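# Structure assessment
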Amino acid sequence: MISSPFNSIVPLSFSSSSSSSGSVMLPNLYDYPRPKRTNFTSRNLAFMPLKCIHKYRFDSSSESDARFPSFSASCLTATDARLTSSDLVADRLRRVVAEFRSLPEPIDRVKRLLHYAALLPPLGDSARAPENRVTGCTTQVWLEAELDELGRVRFRADSDSEISKGFCSCLIYMLDGADPEEVVKVKSEDLADMNVGLHGKSHSRVNTWHNVLIAMQKRTIALLAGSE
Amino acid sequence: MPSTFLQLCCSAMETLAPKLPSFKVLNPSSSSSSSYCSTTRSSSSLRAGLRRPFSLSISASAVREGDPAVGSVSLGHVTRTDFPILHQEVNGSKLVYLDNAATSQKPTAVLKALQNYYEAYNSNVHRGIHFLSSKATDAYELARKKVAAFINASESTEIVFTRNATEAINLVAYSWGMSTLKPEDEVILTIAEHHSAIVPWQLVAQKTGAVLKFVNLDETESPDIEKLRQMISRKTKIVVVHHVSNVLASVLPIEEIVVWAHDVGAKVLVDACQSVPHMAVNVQDLDADFLVASSHKMCGPTGMGFLYGKRELLSAMPPFLGGGEMISDVFLDHSTYAEPPSRFEAGTPAIGEAIGLGAAIDYLSGIGMQKIHEYELELAKYLYENLLSVPNIRIYGPVPSGNTNRAALCSFNVENIHPTDIATFLDQQHGVAIRSGHHCAQPLHRYLGVNASARASLHFYNTKEDVDDFVRALNDTVSFFNSFK
């Protein structure tokens, strides 16, 4: 496994030994070092090579393999540290939207979500507390939000449904570590293409990612209010 | 010519005359044709006592006097062609619609009736004297008569049209409940009730000081009838129960419950949403005080439902919604009110939709509720048995056995897979439509210890092939999710 230098720009397409219908795979979600280039904590460093290898190893017996490019090549990591937080969020949002848009079959979007679900770090049982419940979802989703020492919002999430976990995973990829203002600015319509299984817009009760996004924004606002 | 005679009898019984001849067919107690499939075999079966050989595969959209059909084509196969919506693909697979407990599909006859109303004689009812208005009024009132005949009410004035069963229950809660219930009066329900049967009573209990008491399930996972009986006391003013559970598929012995309730002077409100569409329901036999159902679950349009209430009860009830139609005279400082049912039908009703419901009743009666019920019993058994083959599945409600029949629906969970994930995959990959969630029965799910369940529910236009497709797809779904772990 080769890992790229942390500070190279991530190409949107990459070579892989087998690829499915030209769809784009997001880089390993948790390997982004944060924008301040002097601030690589040991946690970030540890993430990169090891998690890279770990997360992209698929069971060859899984039927989903045929769809997912198998990574023996470069694990995509860092983004250009010169990007600001707002650029980052917008950039990640574009990638997510582009990725899901590139999957025309609804079932492929489901499968992609399940793939991302598997990448979501598990939360302890203590996180599954009532005050962490995201209301309005037919599945159970728990969300934790806090501000880190740099005033960025950190999110952690869990769900009893794999598809919901997938949504959470994508949302966390986009918004974890962002500035609070950026979190609040995201609009549901921007994510309409993530409507896995829902033909139409966001207004159904079952629209988990919409509810989770709203919850993330509400918690962010509350955190901001609390910190002032 | 005995067969013709019997067919005439059949059509007489099924025809929607304003007053049904109370026709008793000599009926040896064959189990499937006796009662409404309550868990106790009721010997007071009546008009629905058609034996299978005579009810044959009459073409649903045709008239009752067709030739006895031949062959073993199922009712599902015969009627499917009447439902245009079923013949489509979703997400690249043919649609397999198994969410009938949520809402049923509509046959062409109903669609045509609706269209015809709006095209030919749409007009406000009970008011005008011109031709169209008169025609609309007649059709609207005829629909009321059809509903009355369908459930064997004594008079059509005992049928109040509402927006749906939920509104009908609210009507009873606000009109009868608010004027009758006193502090410490008891309202008895089961924990398996639909939210629409629970919440209106919570609201009224808050205002009146009445107390809600709930019956739990027994070891067969149906409401504990013995406990229900014990709970009924002099303090009980009304018992609110479902006839058929939309989650457990269990059937309650309404006739017995009514006897126990009446013994203490309590009323009974029957939520018949999941029974009226699927079996013959006879309010004289049940002796229920109130009964509610929704049109959209019985092949009729949405926006329409009804309350059946005994005449003497409705006459004594104050208005629910105020406005036009329900008044007699209006002065500035007070008004006098109309007799039931108008007293409870404020404003312009859903005229076309009532007529559509009438057409649905015509359609269902043309097949025969007994026939529908027998077929669905078969389907229920087939569904349950085949579902059991899915690994790690847990189906809620009683196990079907000799004298315990289930409705043709199964709520279930598969270990370690969220029901919403199952439903999503079934839809996306296989075009199978089921429901997941709490099915408007959160207290029940809490009692069962789960957050949500998946539910497949059938109607007479489903076939065993639908069940096969579903179970195959479900097995595929389970394998898929297990492979991700």
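Read on for an overview of the structure. What you are looking at is a predicted structure, and each value in this text was computed from that prediction instead of being measured. (Residues numbered from 1 in each chain as written. Chains lettered and ligands numbered in written order. Predicted model: local features only at pLDDT ≥ 70, side-chain atom pairs only at ≥ 80, totals over all residues. Heavy atoms only, no water.)

## So, helix α16 (residues 464–483) of chain B
The cut-off we apply is this: Here a strand is any run of E in DSSP of at least two residues, a helix any run of H or I of at least four, and the numbering for each starts at the N terminus. Helix span, expected: 1.5 Å multiplied by one less than the number of residues in the helix. Burial classes: relative accessible area under 20% of the type maximum marks a residue as buried, over 50% as exposed, and values in between as partly exposed (1.4 Å probe, protein chains only).
Across its 20 residues, α16 of chain B extends 29 Å between first and last C-alpha, which sits within 8% of the 28 Å expected from 1.5 Å per residue. Looking at α16 of chain B, one finds that the buried residues are Asp466, Val467, Asp469, Phe470, Val471, Ala473, Leu474, Thr477, Val478, Phe480 and Phe481 of chain B.

## Here's the deal with the pattern of salt bridges
All names here are of chain A. Convention followed: Here a salt bridge means any side-chain nitrogen of Lys or Arg lying within 4 Å of a carboxyl oxygen belonging to Asp or Glu.
Going through the model one piece at a time under the given rule, you end up with 30 salt bridges over all chains. A salt bridge links aspartate 91 to arginine 94, with the shortest nitrogen-to-oxygen separation between them at 3.6 Å. Of the two residues, aspartate 91 and arginine 94 are both situated in helix α2 (residues 85–101); the distance of three residues between them amounts to about one turn of the helix. In this structure, the salt-bridge partner of arginine 156 is glutamate 144, at a minimum N-O distance of 3.0 Å. With arginine 156 in strand β2 (residues 153–159) and glutamate 144 in strand β1 (residues 141–147), this residue pair connects regions lying 12 residues apart in the sequence. Because the salt bridges share partners, they merge into one network encompassing Asp148, Arg152, Arg154 and Asp176.

## Remarks on the packing of aromatic side chains
All names here are of chain B. Selection criterion: Two aromatic rings from Phe, Tyr or Trp, using only the six-membered ring of Trp, form a pair when their centres are within 6.5 Å; if the ring planes differ by under 30 degrees the pair is stacked, by over 60 it is edge-to-face, and anything between is tilted. The rule is short: NZ of Lys or CZ of Arg within 6 Å of the ring centre and within 35 degrees of the ring normal puts a charge over the ring.
Summed over the entire model, instances satisfying the criterion amount to 15 aromatic pairs over all chains. Note on phenylalanine 83 and phenylalanine 460: the rings are 5.9 Å apart at their centroids and 65 degrees apart in plane angle, and the pair reads as edge-to-face. Placement of phenylalanine 83 in the loop between α3 (75–80) and β1 (89–90) and of phenylalanine 460 in the loop between β17 (453–457) and α16 is noted, with a sequence separation of 377 residues between them. Assessed through its relative accessible area of 0%, phenylalanine 83 is described here as buried. Owing to a relative accessible area of 0%, phenylalanine 460 belongs among the buried residues under this scheme. Plain terms: the ring middles of phenylalanine 460 and tyrosine 461 are 5.3 Å apart, the flat faces sit at 70 degrees to each other, and that makes the pair edge-to-face. Through a chain of ring-to-ring contacts, the aromatic side chains of Phe83, Tyr363, Phe460 and Tyr461 assemble into a single cluster. A cation sits over an aromatic face here: lysine 464 above tyrosine 382, 5.2 Å from the ring centre.

## Re the sheet that holds strand β14 (residues 409–414) of chain B
Residues and elements named next belong to chain B. The cut-off we apply is this: One requirement defines pairing of two strands: DSSP has to find at least two bridges between them. Note on geometry: axes are C-alpha line fits, over the in-contact stretch for helices, and angles between N-to-C directions span 0 to 180 degrees. Between two residues, a contact is recorded if the distance between any of their heavy atoms is within 4.5 Å.
On the basis of which strands lie adjacent, the open sheet formed by four strands has the order β13-β14-β17-β16 and antiparallel pairing. Two strands close off the open sheet at either side, each with one partner strand: β13 (393–395) and β16 (435–437). Averaged over neighbouring strand pairs, the angle between their axes works out to 30 degrees when direction is ignored. As paired strands, β14 and β17 are joined by four bridges and run antiparallel to one another. Among the inter-strand pairings, leucine 409 is bridged to a residue of β17, identified as serine 457. Each of β14, β16 and β17 is contacted by helix α14 (residues 419–430), which is oriented at about 155 degrees to β16, the strand it contacts most.

## Re the packing of helix α5 (residues 131–151) of chain B against helix α12 (residues 351–367) of chain B
Residues and elements named next belong to chain B. Stated formally: Each angle gets one of four labels, with under 35 degrees taken as roughly parallel, over 145 as roughly antiparallel, 65 to 115 as roughly perpendicular, and the rest as oblique. Handedness of a helix crossing follows the sense of rotation of the near helix relative to the far helix, less than a right angle counterclockwise being left-handed and clockwise being right-handed.
Remark: α5 packs on α12, axes separated minimally by 8 Å, with the N-to-C direction vectors making an angle of 45 degrees. Classified by the interaxial angle, the pair formed by α5 and α12 is oblique. Between α5 and α12 lies a crossing of left-handed hand. Seen from α5, the contacting residues are Ala136, Ala139, Tyr140, Ala143, Lys146, Val147 and Phe150; seen from α12, they are Ile351, Ala354, Ile355, Leu357, Gly358, Ile361, Asp362, Leu364 and Ser365.

## Focus on the sheet that holds strand β6 (residues 211–215) of chain B
Residue and element names in this part refer to chain B. In space, the seven strands of this open sheet follow the order β4-β10-β9-β8-β7-β5-β6, with mixed pairing throughout. The sheet terminates laterally at β4 (159–162) and β6, the two strands that pair on one side only. Within this sheet the neighbouring strands show an average axis-to-axis angle of 20 degrees, counted without direction. Bridge analysis of β4 against strand β10 (residues 305–309) gives four bridges, and the strand direction is antiparallel. The partner of threonine 162 across the bridge, within β10, is glycine 305.

## Observations regarding the environment of valine 450 of chain B
Residues and elements named next belong to chain B. Structurally, valine 450 can be placed in the loop between α15 (442–448) and β17. Look at valine 450 and you get partly exposed, because its relative accessible area is 22%. With 37 residues separating them along the chain, valine 450 and asparagine 413 place their C-alpha atoms 8.9 Å apart. The contact partners of valine 450, leaving out residues within four places of it in the chain, are Tyr396, Asn413 and His445.

## Observations concerning the pairing of β6 of chain B
Residue and element names in this part refer to chain B. Stated precisely, the cut-off is as follows: With its strands directed away from the observer, a crossover is right-handed exactly when the path from the first strand over the helix to the second travels clockwise.
Relative to β6, strand β5 (residues 186–190) is paired through five bridges, and the arrangement is parallel. Along β6, the bridge assignment pairs leucine 189 with phenylalanine 214. At this point the chain moves from β5, through helix α7 (residues 195–208), to the parallel β6, and the crossover so formed is right-handed.

## So, the interface of chain B and chain A
Basically, it comes down to this: By convention, the term buried area covers the 1.4 Å-probe accessible surface removed from two parts as they join, with the contributions of both added. Counted as a polar contact is a pair of N or O atoms within 3.5 Å, where, for protein atoms, one must be capable of donating a hydrogen and the other of accepting one, and residues adjacent in sequence contribute only when both atoms are in side chains.
In this assembly, 14 residues from chain B lie in contact with 18 residues from chain A. Considering only the surface of chain B that becomes buried against chain A, His418, Gln428 and Phe484 of chain B emerge as the three largest contributors, covering 33% of it. Where chain B meets chain A, there are zero salt bridges. If you look at where chain B meets chain A, you find five residue pairs in polar contact (both at pLDDT 80 or more). Among the secondary structure elements, those contributing two or more residues to the side of chain B that touches chain A are α14 and α16 of chain B. At seven residues, the largest contribution of residues to the side of chain B that touches chain A is made by α14 of chain B.

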